[in-house]
Amino acid sequence: MVRISTKLRQAVSFNPTKKSHSMEVHEMCRKIKENKITLPLYQRDVSWTLKKSVDLLNYQLFGKAPVSPISINEINKIYAENSVSQISFIDRELIADSQILNAHQSAIDGQQRLTTNFKCFINHPDFVNVVLDVSRAKFRIIEGSPSNSEIPVGILLNEDERLLEEYLAERNLISKLYPLLVNVRSKIHNYNYTINIAEDLTEEEQVEWFEILNNAGSRVTTIQMAFSKLKLQNFDIYTEYTIPFKEMFKSYGIDELFSPFTTNVSYPIAALNPAYEVIMKNGKHSTNYAPIPSDTKEDVLIKLDIVKFREVLTLTLNSLELSLEFLDEQNLFDKINRIDYILYLIGFFVYSPYTALNSVPEQVKAELNSWVCTVKFNNQSNSARRSIYNELLDKASS
């Protein structure tokens, strides 16, 4: 006798793809602005580079196939205490439970694409150098002020259509460009995304869906999940730490060191190990607290008092700034091709007595210069990486 599971019968009787529908970019942006489309608390910060956003805009204008679907959990039941808390796009502000009304939409997958279009819609400062170049027929990034053939996307695709007309009128370009640009604006705003809808998913079901969509079946990083709920204590690891961390790299033109997706968050979190040991363990170093992704201590960090946690963040960011200033002064950026050099220097300065570059003796700078030029991280085991770090810490205490 063969027993047929009721679970199997239920599965074949339900087809979630029947709930899919389309939504225009303009409508999605409007809903984001009104916090009718939000993000689940566990979503990471925006990770796309400006170039990646420009690539999307060009694809929406010139691509011959649709952009991949957006996946949304629609909240229809009364918002319960065990539901996943929601945050707004860009500023990641907590959404009050009272705002989570019937048919509220929570973006499980598509944050980067939605944010790109939304930043154009609101003329966000991040996109001030992104233009549609009508002469070259493409969106691109420029330096300096736009020429008459370069139309800022925050004007072209703004929610207020009058801005484009006013912009062109000021430059006597109405007759030449307005009809064409209205068509471009219309195509982008009316661009349809397929929206895959699920309804009233539990947190566990949302995470499962998120994992499949974002990581091809691999586990969502424990880092991402562990820190997300600290937002409920009015603490956002992204806005207070990981974004400033990456912005420092960007200011020195070395943000490409963050290119691997899987290390986008783990690098900054690994950099917290030295400051944690100095502040919480009186500088007593343990071997498995090296500033490497395999040694991240999110399970320990999330148990910290928020005041202490912020002390750890501040010390780390200060040491990162000192590390970058040192590399810049010594003209060493061309010598490094991995972020490991910077993570280890952060550890050195955390443990050292130096709080400003002008307080570092020239002999110490020379030793650090030599270390950067000679140490190799390629094809090293974690054990070897920890040994390299221990040797560098010896220099900090000598």
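See the structure printed just above.
Keep in mind that this is a model prediction, so the values were computed, not measured. (Residues numbered from 1 in each chain as written. Predicted model: local features only at pLDDT ≥ 70, side-chain atom pairs only at ≥ 80, totals over all residues. Heavy atoms only, no water.)

Just to check I follow, could you spell out the pattern of salt bridges for this structure?
In a structure, side chains of opposite charge can pair up when their charged atoms sit close to one another. Enumeration over the complete set of coordinates arrives at 21 salt bridges. Among the salt bridges present, the one from Lys 36 reaches Glu 34, with a minimum N-O distance of 3.2 Å. For Lys 36, a relative accessible area of 44% corresponds to the partly exposed category. For the salt bridge of Arg 385 with Asp 340, the shortest nitrogen-to-oxygen distance reads 3.1 Å. With Arg 385 in helix 17 (residues 382–397) and Asp 340 in helix 15 (residues 340–351), this pair connects stretches of sequence that are 45 residues apart. Like Asp 340, Arg 385 is buried. (Salt bridge = Lys/Arg side-chain N within 4 Å of Asp/Glu carboxyl O. Buried < 20%, exposed > 50% of the residue type's maximum accessible area, 1.4 Å probe, protein only. Helix = DSSP H or I, 4+ residues; strand = E, 2+ residues; numbered from the N terminus.)

Looking at this structure, I do not really get empty space enclosed by the protein. What am I missing?
In this approach a probe as big as a water molecule rolls over the atoms, and the regions it shows empty are the leftover space. Throughout the structure, instances matching the rule amount to 1 cavity of 30 Å³ or more. Estimates place the volume of the largest cavity at around 30 Å³. Only helix 2 (25–33), helix 4 (111–121) and helix 7 (174–189) provide two or more residues apiece to the lining of the largest cavity. Here the lining of the largest cavity takes 3 residues from helix 4, the largest share from any one element. Considering only residue class, the lining of the largest cavity consists of 6 nonpolar, 2 polar and no charged. (1 Å grid on protein atoms, 1.4 Å probe; cavity = no way out; pocket = protein on both sides within 12 Å on 5 of 7 lines; lining within 4 Å. Points joined across faces, edges and corners; volume = space filled by probe spheres on them. Nonpolar A, V, L, I, M, F, W, Y, C, P; charged D, E, K, R; others polar.)

Even after reading the chapter, I still don't get unusual backbone geometry, so can you show me in this structure?
Keep in mind that most residues, glycine aside, have a negative phi and that most peptide bonds are trans. Positive phi, close to 55 degrees, is recorded for Asn 123, a residue that is not glycine. Along the chain, Asn 123 falls in the loop between helix 4 and strand 6 (130–133). A relative accessible area of 36% means that Asn 123 is categorised as partly exposed.

Sorry if this is basic, but what is going on with the side chain of Thr 316 here?
Here Thr 316 lies in helix 14 (residues 306–329). Exposure remark for Thr 316: the relative accessible area of 0% places this residue in the buried category. Here the side chain of Thr 316 touches Val 312 through a polar contact of 2.8 Å, landing on its backbone oxygen. (Polar contact = N/O pair within 3.5 Å; in protein donor to acceptor, adjacent residues only side chain to side chain.)

Would you mind going over the packing of helix 14 against helix 15 with me for this structure?
How two helices pack is summed up by the angle between their axes together with the distance between the axes. In the contact formed by helix 14 and helix 15, the axes pass within 8 Å of each other and the chain directions differ by 115 degrees. One finds that helix 14 runs roughly perpendicular with respect to helix 15. When you trace helix 14 past helix 15, the crossing you get is right-handed. Contacts from Leu 315, Thr 316, Ser 319, Leu 320, Leu 322, Ser 323, Leu 324, Phe 326 and Leu 327 in helix 14 reach Ile 342, Leu 345, Ile 346, Phe 349 and Val 350 in helix 15. The class makeup of the residues in the contact of helix 14 with helix 15 is 11 nonpolar, 3 polar and no charged. (Axes fitted to C-alpha atoms, helices over the stretch in contact; angles between N-to-C directions. Parallel < 35°, antiparallel > 145°, perpendicular 65-115°, else oblique. Left-handed = near helix turned anticlockwise from the far one by under 90°. Contact = heavy atoms within 4.5 Å.)

How do you make sense of the packing of aromatic side chains when you look at a structure like this?
For any two aromatic rings, the description comes down to two numbers: the centre-to-centre distance and the angle of the planes. Under the defined criterion, the tally for this structure stands at 14 aromatic pairs. Their ring planes at 75 degrees and their centres at 6.3 Å tell us that Trp 371 and Phe 377 sit as a pair that is edge-to-face. Members of the aromatic cluster, each reached through a chain of ring pairs, are Tyr 341, Tyr 344, Trp 371, Phe 377 and Tyr 389. Positioned over the ring face of Tyr 167 is Arg 171, at 3.6 Å from the centre of the ring. The residue whose ring lies beneath Lys 297 is Tyr 289, and the NZ or CZ to ring-centre distance is 4.5 Å. (Phe/Tyr/Trp six-rings, centres within 6.5 Å; stacked < 30°, edge-to-face > 60°. Lys NZ or Arg CZ within 6 Å of the ring centre and 35° of its normal.)

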